[in-house]
Amino acid sequence: MQLYTVHVKGRQWLTDRIFEIRFDRPSGFDFRPGQKIAFVFEQNSRDYTLLGPAHGPELSICVRHVAGGHFSPRLAAAAPGDVFQVTAPSGFFTFKPSPRPAVFVATGTGVAPFVAFERAGVRDFHLLHGVRTAENLIYGPELAAAARAYVPCLSQPVAAGGSTVHFTGRVDAWLATRLPSGGYDFYLCGNGDMIRDVMRLIDERFHSSHVFTETFF
Ligand SMILES: Cc1cc2nc3c(=O)[nH]c(=O)nc-3n(C[C@H](O)[C@H](O)[C@H](O)COP(=O)(O)OP(=O)(O)OC[C@H]3O[C@@H](n4cnc5c(N)ncnc54)[C@H](O)[C@@H]3O)c2cc1C
């Protein structure tokens with residue numbers, strides 16, 4: 001397996017737990033939006049989806065700092081110039097144009113491939129982003145500007161006076177009650193429990209649809 005050495009260029013915290021980290025881009029390092037790279041460390045590896053744009057001098061990913069995790073804390077603590085080993089981009093969770101409407105469904109940092117799609121020019125999609133609280137709606141304005149419908153789904157109720165432009169509940173509850181029945185191209189990314197629950201719903205209500213999935217954990 002060919003490994004590439006990348007150097008940290010900078011890091012920006014998007015919330016108190018989620019950050020975007022940028023690396024220099026090795027020459028010839030081309031990827032298709034939605035693909036991921038693996039960071040290799042001590043006989044282990046962890047995958048992260050490249051945000052895009054697909055061309056340019058830098059690579060960037062967004063990462064949740066998992067407290068007590070083996071690898072994400074290393075990225076959270078990395079400083080400019082620090083060195084990591086990564087694999088070439090791989091994976092098949094890429095956008096496939098079709099006559100059916102596209103419905104992107106993410107939880108947490110599972111929104112990353114949809115940011116990559118949007119930065120590659122994909123438009124006219126529905127995007128549901130399931131998070132606990134509004135501050136976790138990373139890339140919200142950018143995605144809302146490109147989407148036909150951008151639906152933040154907050155699992156925790158918002159205090160009086162807080163944002164009203166959201167759905168209170170999980171992404172599957174929105175799909176079950178708000179999406180007209182029919183055939184769609186569903187792209188599901190993030191938590192495996194969400195993917196299982198939405199797959200069940202698709203079988204019940206949207207069975208002429210096509211489904212693509214990427215499970216983060
Ligand atoms: C194809 C693919 C793409 C991925 N892309 C991303 C990405 O773009 N950004 C990203 O943050 N992670 C992504 N992940 C998850 C990532 O590979 C790691 O699993 C994660 O960073 C935790 O690694 P760790 O070594 O710190 O934790 P570990 O020591 O491996 O601990 C694992 C625990 O962390 C929790 N966990 C793992 N990932 C997450 C997460 N994203 N959010 C909340 N809890 C989590 C789970 O409960 C799991 O039990 C991706 C995974 C896959 C398979």
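First, a word on what this report is: a plain description of the structure on this page. These numbers were taken from a predicted model, which means no experiment stands behind them. (Residues numbered from 1 in each chain as written. Predicted model: local features only at pLDDT ≥ 70, side-chain atom pairs only at ≥ 80, totals over all residues. Heavy atoms only, no water.)

**Observations regarding the site of the ligand**
For the ligand, the set of nearby residues contains 19 residues, the closest of which are Arg 46, Asp 47, Tyr 48, Phe 71 and Ser 72. The separation between an oxygen atom of the ligand and a polar main-chain atom of Asp 47 is 2.7 Å. Here an oxygen atom of the ligand and a backbone polar atom of Thr 49 are 3.1 Å apart. Its free accessible area being 870 Å², the ligand has 77% of it covered by the protein chains. Within the residue set of the shell around the ligand, elements represented by two or more residues are strand S4 (44-49), strand S5 (58-64), helix H1 (72-77) and strand S12 (210-215). Among the residues making up the shell around the ligand, the classes are represented as eight nonpolar, six polar and five charged. (Near = heavy atom within 4 Å. Polar contact = N/O pair within 3.5 Å; in protein donor to acceptor, adjacent residues only side chain to side chain. Areas by Shrake-Rupley, 256 points an atom, 1.4 Å probe, with all protein chains shown as cover. Helix = DSSP H or I, 4+ residues; strand = E, 2+ residues; numbered from the N terminus. Nonpolar A, V, L, I, M, F, W, Y, C, P; charged D, E, K, R; others polar.)

**Let's talk about the environment of Pro 113**
Tracing the chain through its elements places Pro 113 in helix H2 (residues 112-119). Placed 75 residues apart in sequence, Pro 113 and Leu 188 show a C-alpha to C-alpha distance of 9.9 Å. Contact partners of Pro 113, with chain neighbours within four places excluded, come to Gly 34, Thr 49, Phe 93, Cys 189 and Phe 216. (Contact = heavy atoms within 4.5 Å.)

**A look at the nonpolar core**
In terms of nonpolar packing, the biggest core is built from 23 residues, with Ile 21, Phe 23, Phe 39, Ile 61, Leu 75 and Phe 84 touching the most fellow members. Ignoring sequence-local partners within four residues, the contact set of Ile 21 consists of Val 8, Gly 10, Arg 11, Leu 59, Ser 60, Ile 61, Val 63, Leu 75 and Ala 78. (Core = buried A, V, L, I, M, F, W, Y, C linked by side-chain atoms within 4.5 Å. Buried < 20%, exposed > 50% of the residue type's maximum accessible area, 1.4 Å probe, protein only.)

**Considerations on the pairing of strand S8 (residues 126-131)**
Among the six residues that make up S8, six are buried, leaving the element largely enclosed by the rest of the structure. Residues His 126, Leu 128 and Gly 130 point to one face of S8 and Leu 127, His 129 and Val 131 to the other, with burial holding for every one of them. Note: strand S7 (residues 102-107) against S8, five bridges, orientation parallel. Opposite Ala 106, over in S8, you have His 129 as the bridge partner. Between S7 and its parallel partner S8, the chain crosses via H2, and the hand of that crossover is right-handed. (Pairing = 2+ DSSP bridges. Right-handed = clockwise from strand over helix to strand, strands pointing away.)

**Observations regarding the side chain of Asp 185**
With respect to the secondary-structure elements, Asp 185 resides in strand S11 (residues 185-190). Exposure remark for Asp 185: the relative accessible area of 2% places this residue in the buried category. For Asp 185, the side chain forms a polar contact with the side chain of Ser 98, separated by 2.6 Å. With sequence-adjacent residues up to four places away left out, Asp 185 is seen in contact with Lys 96, Ser 98, Arg 100, Pro 101, Ala 102, Val 103, His 210 and Phe 212.

**Concerning the sheet that holds strand S6 (residues 83-87)**
Across the sheet, which stays open at both edges, the six strands sit in the order S4-S3-S6-S1-S2-S5 with antiparallel pairing between neighbours. The strands lining the two open edges of the sheet, one partner per strand, are S4 and S5. With strand direction ignored, the average angle separating the axes of adjacent strands in the sheet is 40 degrees. In terms of strand pairing, strand S1 (residues 3-13) meets S6 through five bridges, oriented antiparallel. Bridging from a neighbouring strand, Tyr 4 pairs with Val 86 of S6. (Axes fitted to C-alpha atoms, helices over the stretch in contact; angles between N-to-C directions.)

**Some thoughts on the pattern of salt bridges**
Applying the stated criterion across every chain yields a total of eleven salt bridges. Close ionic contact of Arg 119 with Glu 142 constitutes a salt bridge, the shortest N to O distance being 2.8 Å. With Arg 119 in helix H2 and Glu 142 in helix H3 (residues 140-146), this residue pair connects regions lying 23 residues apart in the sequence. When its relative accessible area of 26% is taken as the criterion, Glu 142 is described as partly exposed. Between Asp 172 and Arg 170 there is a salt bridge, and its shortest N-O distance comes to 3.0 Å. The network of salt bridges with common partners includes Arg 170, Asp 172, Asp 193, Arg 196, Asp 197 and Arg 200. (Salt bridge = Lys/Arg side-chain N within 4 Å of Asp/Glu carboxyl O.)

**Some details on H2**
For H2, the tally of buried residues reaches seven of eight residues, placing the bulk of the element in the interior. Every buried residue of H2 is accounted for by Ala 112, Pro 113, Phe 114, Val 115, Ala 116, Phe 117 and Glu 118. Buried residues in H2 make contact with S4, S5, S7, S8, H3 and S11. Phi turns positive, to about 105 degrees, at Gly 121, one or two residues after H2.

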